Amino acid sequence: DAMVIQNPRYQVTQFGKPVTLSCSQTLNHNVMYWYQQKSSQAPKLLFHYYDKDFNNEADTPDNFQSRRPNTSFCFLDIRSPGLGDAAMYLCATSRDRDVETQYFGPGTRLLVL
Amino acid sequence: AQSVAQPEDQVNVAEGNPLTVKCTYSVSGNPYLFWYVQYPNRGLQFLLKYITGDNLVKGSYGFEAEFNKSQTSFHLKKPSALVSDSALYFCAVRTNTNAGKSTFGDGTTLTVKP
């Protein structure tokens, strides 16, 4: 029944060592989002894909990249993780933008040592 | 620019009492308003949304919210709180003029005591 799946649920990496987080969906939604959430704060949108179109937020650091090889999968790449990148990373999908509900995955908690 | 305010970091209620979690918003154009709930170490779960029509929206788990355009508010309510309602609640706003970007409030921690 899982609709938005994130792997792994917990990820430990070393300072500066590239890491990739994975998100997949069974909803066939057009839009996939990546959010960063720190310490129960509001989720912060990093970027989203509308189909194959990548939409980066202006304040997202270059250290964060994303790939969407097909409708079902989307990846978050952190090229050189710093201690400040430790957070919960949430993937979400929606059928379209605007009025459509976003469906969130369980999140991946990233720890940087 | 769009914004959401949740004025209370924490709300405490006794089980069986009504609860209200407050949300106000600021947008240009028509707002689309959402409430999500987050349990520890989990993603956000959709509760309800207002797009258009009836100002009173009913959602999951007995929650409801009332859209008030004049007060630019969308408060979340439940007539009788359960201990299992204890969680972090986020209000969010979207418009059709901002490429579907959601702006979230800072969240309100609801604690329901037995």
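What counts and what doesn't
Residues numbered from 1 in each chain as written. Chains lettered and ligands numbered in written order. Predicted model: local features only at pLDDT ≥ 70, side-chain atom pairs only at ≥ 80, totals over all residues. Heavy atoms only, no water. pLDDT = per-residue confidence, 0-100. Helix = DSSP H or I, 4+ residues; strand = E, 2+ residues; numbered from the N terminus. Contact = heavy atoms within 4.5 Å. Buried area = accessible area lost by both parts, 1.4 Å probe. Salt bridge = Lys/Arg side-chain N within 4 Å of Asp/Glu carboxyl O. Polar contact = N/O pair within 3.5 Å; in protein donor to acceptor, adjacent residues only side chain to side chain. Disulfide = S-S within 2.5 Å. Buried < 20%, exposed > 50% of the residue type's maximum accessible area, 1.4 Å probe, protein only.

For the rest of this paragraph, the subject is the confidence of the model for chain B. For chain B, per-residue confidence averages 93 on the pLDDT scale, and 97% of positions sit at 70 or higher. Taken element by element, the predicted model of chain B shows its lowest mean pLDDT in strand 11 (residues 103–104) of chain B (92) and its highest in strand 9 (residues 73–78) of chain B (98).

Time to look at the interface of chain B and chain A. Counting from both sides, the interface comprises 23 residues of chain B and, opposite them, 26 residues of chain A. Summed over both sides, the interface of chain B with chain A buries roughly 1,800 Å², with 52% coming from carbon and sulfur. Summed over the three residues of chain B that lose the most area to chain A, namely N41(B), R94(B) and F104(B), the buried surface amounts to 27% of that side. At the junction of chain B with chain A, the criterion picks out one salt bridge. Among the ionic pairs, E57(A) bridges to K101(B), the shortest N-O distance being 2.9 Å. Scanning the region where chain B abuts chain A turns up ten residue pairs in polar contact (both at pLDDT 80 or more). Listing elements by their share of the side of chain B that touches chain A, those giving two or more residues are strand 5 (32–38), strand 6 (44–50) and strand 10 (87–94) of chain B. Of all the elements, strand 5 of chain B adds the most residues to the side of chain B that touches chain A, at four residues.

It is worth spelling out the side chain of E100(A) at this point. When you line up the elements, E100(A) lands in the loop between strand 9 (87–94) and strand 10 (103–104). Engagement of the side chain of E100(A) in a polar contact is seen with the side chain of R95(A), the distance being 3.1 Å. In this view, E100(A) contacts S94(A), R95(A), F34(B), K49(B) and R94(B); residues no more than four positions away in its chain are not counted.

Below, the discussion takes up the state of the cysteines. Scanning the model with the defined rule gives two disulfides over all chains in all. Through a disulfide, C23(A) is tied to C91(A); the S-S separation comes to 1.9 Å. Its S-S torsion of about -70° marks the bond between C23(A) and C91(A) as left-handed, since a negative value means left-handed. Separated by 68 residues along the polypeptide, C23(A) in strand 3 (residues 19–25) and C91(A) in strand 9 bring together distant segments of the chain. This pair shows no difference in class: C23(A) is buried, exactly as C91(A) is. Covalently, C23(B) is tied to C91(B) through a disulfide, its sulfur atoms 2.0 Å apart. When the S-S torsion is -60°, as for the bridge of C23(B) with C91(B), the disulfide is left-handed.

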